[in-house]
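Listed below are the residues making up each chain.
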Amino acid sequence: MQNLLLDEILEKAKHQSPITRKDILRLLEITTEDEFNKLSLVAQTLRHEYFQNKIFLYGFVYFSTHCRNDCTFCLYRKSNINYPRYRKNREEILSTAQKLMDSGVHLLDLTMGEDPLYHNTKQGFSELLQIIKEVKLESNIPIMLSPGVISQELLWKFKEAGVEWYACYQETHNRSLYNRLRIEQSYDERMNRKCMAKEMGYLIEEGLLAGVGDTNEDIADSILMMKKIGADQVRVMSFVPQENTPLSNWEIPNSHFRELLIIAVMRLVMPDRLIPASLDVDGLSGLEQRLNAGANVITSIIPPSSGLAGVSNSTLDIDDGNRSIEKIIPVLKNIHLEPATRQKYQAWVKSRKNL
Ligand code: SAM
Ligand code: MD0
Ligand code: SF4
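Rules behind the numbers
- Residues numbered from 1 in each chain as written.
- Chains lettered and ligands numbered in written order.
- Predicted model: local features only at pLDDT ≥ 70, side-chain atom pairs only at ≥ 80, totals over all residues.
- Heavy atoms only, no water.
- Near = heavy atom within 4 Å.
- Polar contact = N/O pair within 3.5 Å; in protein donor to acceptor, adjacent residues only side chain to side chain.
- Areas by Shrake-Rupley, 256 points an atom, 1.4 Å probe, with all protein chains shown as cover.
- Helix = DSSP H or I, 4+ residues; strand = E, 2+ residues; numbered from the N terminus.
- Nonpolar A, V, L, I, M, F, W, Y, C, P; charged D, E, K, R; others polar.
- Buried < 20%, exposed > 50% of the residue type's maximum accessible area, 1.4 Å probe, protein only.
- Lys, Arg positive; Asp, Glu negative; His and termini not counted.
- Salt bridge = Lys/Arg side-chain N within 4 Å of Asp/Glu carboxyl O.
- Contact = heavy atoms within 4.5 Å.
- Axes fitted to C-alpha atoms, helices over the stretch in contact; angles between N-to-C directions.
- Parallel < 35°, antiparallel > 145°, perpendicular 65-115°, else oblique.
- Left-handed = near helix turned anticlockwise from the far one by under 90°.
- Core = buried A, V, L, I, M, F, W, Y, C linked by side-chain atoms within 4.5 Å.

> Can you lay out the site of ligand 1 for me, pointing to particular residues and giving the numbers?
The environment of ligand 1 is formed by 19 residues, the closest being F73, E171, R190, V240 and V311. One nitrogen or oxygen atom from the main chain of M112 is found 3.0 Å from a nitrogen atom belonging to ligand 1. In the environment of ligand 1, a nitrogen atom lies 3.1 Å from a nitrogen or oxygen atom belonging to the side chain of Q242. Protein burial of ligand 1: of its 560 Å² of free accessible surface, 94% is covered by the chains. At the level of secondary structure, the elements contributing two or more residues to the shell around ligand 1 comprise β2 (107-112) and β6 (233-238). Here the shell around ligand 1 is composed, by residue class, of nine nonpolar, seven polar and three charged.

> Any details on the side chain of R267? Residues and values, ideally.
Take R267: it is sitting in helix α11 (residues 255-269). One buried charge, R267, has no salt-bridge partner; the nearest side chain with opposite charge is D272, at 6.5 Å. Other than its neighbours up to four places away in sequence, R267 contacts A43, L46, R47, F51, D272, R273, I275, G294, A295 and N296.

> Would you mind going over the pattern of salt bridges in detail, with residue names and values included?
Tallied over the full model, the rule gives 26 salt bridges. As a salt-bridge pair, D280 and R323 come within 2.9 Å of each other at their nearest N and O atoms. With D280 in helix α12 (residues 279-282) and R323 in the loop between β8 (297-301) and α14 (325-334), this pair connects stretches of sequence that are 43 residues apart. Neither D280 nor R323 differs from the other in exposure class; each is buried. Several salt bridges converge on common partners, so that one network encompasses K198, D232, D272, R273 and R352.

> Can you lay out the packing of helix α4 (residues 90-103) against helix α6 (residues 126-139) for me, pointing to particular residues and giving the numbers?
It is at 11 Å that the axes of α4 and α6 come closest, and there the two elements cross at 30°. Classified by the angle between their axes, α4 and α6 sit roughly parallel to one another. Like other packed secondary-structure pairs, α4 and α6 cross with a definite hand, here right-handed. The segment α4 lies against α6, with R90, I93, L94, Q98 and M101 engaging E127, I131, E134, V135, E138 and S139. Its residues placed into classes, the contact of α4 with α6 shows five nonpolar, two polar and four charged.

> Give a detailed account of the nonpolar core, specifying residues and quantitative values.
Core analysis: the largest hydrophobic core is formed by 107 residues, its most contacted members being L39, F158, M266 and I298. With nine residues, the single largest contributor to this core is α11. Apart from residues lying up to four places away in sequence, I298 is in contact with I55, F56, L57, Y58, A277, L279, L287, L291, I328 and L332. Within the second largest apolar cluster, 15 residues are counted, among which are F56, W165, L203 and L274.

Have a look at this one:
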């Protein structure tokens, strides 16, 4: 009976009939390899319908690790006072951006903690705006900004400067869990700013943190919410415990398998969206399985010896060059995928904006 139900859901997904909350819950209950393989095959077929065998590649520039917030899951929370932080200057940001562009990434993701020097001063973002205008003038590469919550006025300025994407992750759509994760940050403000950005013509990315106390019901609600707000890119990352933070001892068995399951379910529910396989959680060795689950963007590509950090694994695979396109290509080839061209990515962005 259970099996029949799974086959029915997968059949519906193949024909792109709407997947219900109940269907999602059934899919999230998968534990066997056999069922998971069936699910991944459908996820891959749907990805192929919209993106063929082409994969998008995102360069990651975490240019300031200072932060005024205190998220319980994050290494860079302000209470982690002994953690050494950095703030890259204009030249360092530009040279990292250049290295990434030369290596062939399709997009630059400029990410920061809610650095008080930027967020709490009037002119805080003006240099960043200049840097972005310069990059745009020279290369016109698509840019994603992950600055935390910023004002509408700033969103307009970044839009004018040419930024295409605003990334701002809720982590969960269960308000009480949110309040335990993003301490003293307004759920509604974060959500509304993201939706406002969408209305202003940005593409938006919404993200989940999995394995921090979320139930399958929470995940199902989140997936449906991501669809409802029209998020253009949707992600999930498994929680990685961080030393000297409140959740340092929080360990959930199988949480990384659950990430794969969630990626595949996202692909079934939102077959035409971008779904990242982040190198940040399990490094290069976790890439193939995320792609096989239906992801179509590789994120967190970081140049070696740039002195730049990751988010959930601050150093994993960076200095040995494992987060580079050179290392990614053989993994793609092995499963009959290949990088898209820059034109193909730009065409996708353009058509998605005009939707
Ligand atoms: N500071 C900005 C913000 O919070 O919106 C931008 C950084 S944001 C892109 C960092 C993201 O990395 C978080 O939203 C979370 O999804 C993820 N992350 C942070 N710490 C993590 C951890 N310990 N394990 C897994 N993912 C984590
Ligand atoms: C990633 N470390 O893609 C990055 C980060 C921020 N927009 C993205 C979470 O895995
Ligand atoms: Fe700061 Fe972002 Fe980390 Fe929260 S997730 S502590 S806002 S860097």
